[in-house]
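Remarks on the overall topology
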Amino acid sequence: MTSLNRPARLNRILLALLGLVLLTAGGFVVATHFGRLDVLVSDSALVPGVGTPPTWAPYVAAAVAVILGLLLLRWLLAQLVRKPKSHTWRFESDPDTGRTELAASTAILPFLAEVSTYPGVHAAHATLAGTRENPAVALVVSVEQDGDVAAIRDRIGEEGLPRLRQALDLDALPSTVEFRFSTKAGTRIS
């Protein structure tokens, strides 16, 4: 159980660095255009030489731009997909006598109801992903401003997840927990 999802943290760092680079480049261009920076002479050529580039150069530049654009589009679309895919679990001991199916989204509801009642928890969202043979839980907990994250994490690990494992009759249930802070404060007693 981790307190912050590593891919989410890496994405945030990459987005922050990309934003910083783009802001710096934009500021440089604007400052140069309005004459605040004297790095470039305004009437100079963009590239040295007056000859035309080889005929293959525009095609290579276009191919690189298309590939880079598709990779960036794939990365942006991956940011939209946050929840792992949930499945319907099948409990079959003897297929001839019938089978029992349980939607993973239904199985996680009692666990979410329990976690939502913990002191300091504003809201909880979770996905029970994978199959019964290879399950995983992805939990996102919104914590109130004065909530004790360590106490919530300990209670999830010591009470909530063992109870969920027992209810689902599982030996192991890998889980990730992401904490987000809510703008709402908890109830205060004067």
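In this text, all values refer to a predicted model and were calculated from it rather than measured experimentally.

What follows concerns the sheet that holds strand 3 (residues 121-130). Across the sheet, which stays open at both edges, the three strands sit in the order 3-4-5 with mixed pairing between neighbours. The strands lining the two open edges of the sheet, one partner per strand, are strand 3 and strand 5 (175-181). Within the sheet, the average angular offset between the axes of one strand and its neighbour, ignoring direction, is 15 degrees. Here strand 3 pairs with strand 4 (residues 135-143) via nine bridges, running antiparallel. In the sheet register, Ala-124 faces strand 4, and the bridge partner there is Val-141. Each of strand 3 and strand 4 is contacted by helix 4 (residues 109-116), which is oriented at about 155 degrees to strand 3, the strand it contacts most. In the packing of helix 5 (residues 149-168) onto the sheet, contacts are made with strand 3, strand 4 and strand 5, and the angle to strand 4 comes to roughly 145 degrees.

To continue, consider helix 5. Along helix 5, the largest kink reaches about 40 degrees and is centred on Ile-156. Buried residues of helix 5: Val-149, Ile-152, Ile-156, Gly-160, Leu-161, Leu-164 and Leu-168, and no others.

Considering every residue of the protein, the mean pLDDT works out to 81; 83% of them sit at 70 or more. Averaged pLDDT values for the elements of the protein fall to 67 in strand 1 (residues 88-91) and rise to 91 in helix 4.

Quick notes on the rules
- Residues numbered from 1 in each chain as written.
- Predicted model: local features only at pLDDT ≥ 70, side-chain atom pairs only at ≥ 80, totals over all residues.
- Heavy atoms only, no water.
- Pairing = 2+ DSSP bridges.
- Helix = DSSP H or I, 4+ residues; strand = E, 2+ residues; numbered from the N terminus.
- Axes fitted to C-alpha atoms, helices over the stretch in contact; angles between N-to-C directions.
- Contact = heavy atoms within 4.5 Å.
- Bend = angle between axes of the 7 residues up to and from the residue.
- Buried < 20%, exposed > 50% of the residue type's maximum accessible area, 1.4 Å probe, protein only.
- pLDDT = per-residue confidence, 0-100.

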